[in-house]
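# Examination of the molecular architecture
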Amino acid sequence: GVPKTVFARETKKDNGLINISAVLDFNGYTAEVELKTIMPKDFPLSHGLRVVGTNGILETHTVFTDSQSHTPEVSVLFYFKNSPKKLLNVPGHDPYRYECRYFLDTISGKTDGSLLDAHHAVNTLKIAIAVKKSLIQGKRISPANEIKLQ
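A short tour of the structure in this document, coming up. (Residues numbered from 1 in each chain as written. Predicted model: local features only at pLDDT ≥ 70, side-chain atom pairs only at ≥ 80, totals over all residues. Heavy atoms only, no water.)

### Some details on the overall build of the protein chain
Put simply, the test is: In this description a helix means any DSSP run of H or I spanning at least four residues, a strand means any run of E spanning at least two, and both kinds are numbered starting from the N terminus. Exposed residues in this analysis have more than 50% of their type's maximum accessible area, buried residues have under 20%, and partly exposed residues fall in between, with area computed by a 1.4 Å probe over protein chains only. Should any heavy atoms of two residues lie within 4.5 Å, those residues are considered in contact. A 1.4 Å probe and the Shrake-Rupley method give the accessible areas. Residues count as covered only by the protein chains that appear here. Counted charges follow a simple rule, with Lys and Arg positive, Asp and Glu negative, and His plus the chain ends left uncounted. In this description, the location of a charge corresponds to atom NZ of lysine, CZ of arginine, CG of aspartate or CD of glutamate.
Broken down by element type, the protein chain carries 2 helices and 7 strands. Along the chain direction, N to C, the helices and strands of the protein chain fall in the order β-β-β-β-β-β-β-α-α. Expressed as a percentage of its 150 residues, the buried residues of the protein chain come to 19%. Sequence-distant contacts, at least 24 apart, represent 25% of the contacts inside the protein chain between residues at least 6 apart. If you sum the accessible surface of the protein chain, you get close to 11,600 Å²; carbon and sulfur atoms cover 56% of it. Charged side chains in the protein chain number 19 positive and 15 negative. The centres of these two groups are separated by 7 Å.

### Focus: the pairing of strand S7 (residues 86-89)
Note the threshold: Strands qualify as paired when DSSP identifies two bridges or more between them.
Pairing of strand S6 (residues 73-80) with S7, which is carried by 4 bridges, proceeds in the antiparallel orientation. Bridge pairing in S7 links Phe78 to Lys86. Between S6 and S7, which pair antiparallel one after the other, the connecting turn spans 5 residues, and Asn82 there sits at a positive phi close to 60 degrees.

### Regarding helix H1 (residues 95-107)
The test is simple: The length a helix should cover is 1.5 Å for every residue beyond the first. Starting at the helix axis, one direction is taken to each C-beta atom, and the arc is that of these directions.
Over its 13 residues, H1 runs 18 Å from end to end, which matches the ideal 18 Å to within 8%, given 1.5 Å per residue. Buried within H1 are the following residues: Tyr102, Asp105 and Thr106. For H1, the arc enclosing every buried residue in end-on projection is 100 degrees, short of the 170-degree limit, so these residues lie on one face. When the buried face of H1 is taken as reference, the exposed residues oriented beyond 90 degrees from it are Tyr96, Arg97 and Ile107. Of the residues one or two after H1, Gly109 is the one with positive phi, at around 80 degrees.

Next comes the structure, spelled out in structure tokens:
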């Protein structure tokens, strides 16, 4: 869904490095998204996700360790409340190939295409536009009014 409000801040260093942080306020929960350009250009591309809930934490980490390989190393950790952490073994895959396969399977009718519908695309654009406006204006922005479908 679309958050009620988005607030974003940008920090630029003298050496050209950028840090952007955006807080997305939904009904009953908050998400924070960060973009950092602090790593050197030859450092492996990586991304992660951490979801903190009342009963535990889910954390994923994906690293493209080899510039010649399109298959990353993937780890998923579960930290359940009052339990030891649990590592889930997830085989890596080429995410671009996976997305292309999903797209082709969707248009051929082999799989449900609900992740690729126009409303999801529009909602993503609403959030991106709200983040950009918040960076420029320095205030909370409501993404709901950014794009109207006819």
